[in-house]
Amino acid sequence: MRRNGVETDKLTDEHFRGLFAAISNQEIAKEAIQDLLTALAKEPELTVQQAISKLGLSAFDPEEVENFIKKMVREKGDFIKDKGPAALGPLMGIVMKEYRGTVDGKILSHMLKKRDR
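It should be emphasised that the depicted structure is a prediction, and the values quoted were computed from it without experimental measurement.

Undergrad: Residues and numbers for the pattern of salt bridges, please.
TA: One pass over the full model with this rule turns up five salt bridges. Asp9 is the salt-bridge partner of Arg2, the closest N and O atoms lying 3.6 Å from each other. Put simply, Lys71 and Glu75 hold a salt bridge, and the shortest N to O gap is 3.8 Å. With Lys71 and Glu75 both in helix H4 (residues 62-75), this residue pair falls four residues apart, about one helical turn.

The structure is reproduced here in structure tokens:
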């Protein structure tokens, strides 16, 4: 983060405790760590919860994700037929682009594999 010009000296122990608690409680995905720490370094007066809210990283709605995956699988039906199991990687890329930072990649992968069957 420092290489990218972020002043990490402003991050406090409280920021890190809040970050780890949010990950542990599955409030955010681990992919959101850098974005969240960057936001906190730029605005150290924010709490972790305030930064999560400001960045739009709050908890995900499993039904919304499931509906997104269903729609994508319908739209990409021909692609899935043509590629077979090799379609999983590109489809995962689409899902990650939509939900990176809000849903753990493992959860998305599991949901996609379940839907792809």
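Text resumes after the structure shown.
Undergrad: For the environment of Leu112, give the residues involved together with the corresponding values.
TA: Note that Leu112 resides in helix H7 (residues 105-116). Here Leu112 falls in the buried class, since its relative accessible area comes to 0%. Measuring from C-alpha to C-alpha, the distance between Leu112 and Val65 comes to 9.6 Å, with 47 residues separating the pair along the chain. When residues no more than four places from it in sequence are discounted, the contact partners of Leu112 are Ile69, Met72, Val73, Leu88, Leu91 and Met92.

Undergrad: With reference to specific residues and values, describe the packing of helix H2 (residues 33-42) against helix H3 (residues 48-55).
TA: At their nearest, the axes of H2 and H3 sit 10 Å apart, and the two run at 115° to each other. The orientation of H2 with respect to H3, classified from their angle, is roughly perpendicular. Once H2 is placed against H3, the crossing between them reads as right-handed. Seen from H2, the contacting residues are Asp35, Leu36, Ala39 and Leu40; seen from H3, they are Val48, Ala51, Ile52 and Leu55. A breakdown of the residues in the contact of H2 with H3 according to their chemical character gives seven nonpolar, no polar and one charged.

Undergrad: Tell me about the environment of Phe16, and please be specific about residues and values.
TA: Its place among the elements puts Phe16 in helix H1 (residues 13-24). Assessed through its relative accessible area of 31%, Phe16 is described here as partly exposed. Measuring from C-alpha to C-alpha, the distance between Phe16 and Val48 comes to 8.5 Å, with 32 residues separating the pair along the chain. Excluding residues that lie within four positions of it along the chain, Phe16 makes contacts with Leu11 and Leu37.

The rules behind these values
- Residues numbered from 1 in each chain as written.
- Predicted model: local features only at pLDDT ≥ 70, side-chain atom pairs only at ≥ 80, totals over all residues.
- Heavy atoms only, no water.
- Salt bridge = Lys/Arg side-chain N within 4 Å of Asp/Glu carboxyl O.
- Helix = DSSP H or I, 4+ residues; strand = E, 2+ residues; numbered from the N terminus.
- Buried < 20%, exposed > 50% of the residue type's maximum accessible area, 1.4 Å probe, protein only.
- Contact = heavy atoms within 4.5 Å.
- Axes fitted to C-alpha atoms, helices over the stretch in contact; angles between N-to-C directions.
- Parallel < 35°, antiparallel > 145°, perpendicular 65-115°, else oblique.
- Left-handed = near helix turned anticlockwise from the far one by under 90°.
- Nonpolar A, V, L, I, M, F, W, Y, C, P; charged D, E, K, R; others polar.

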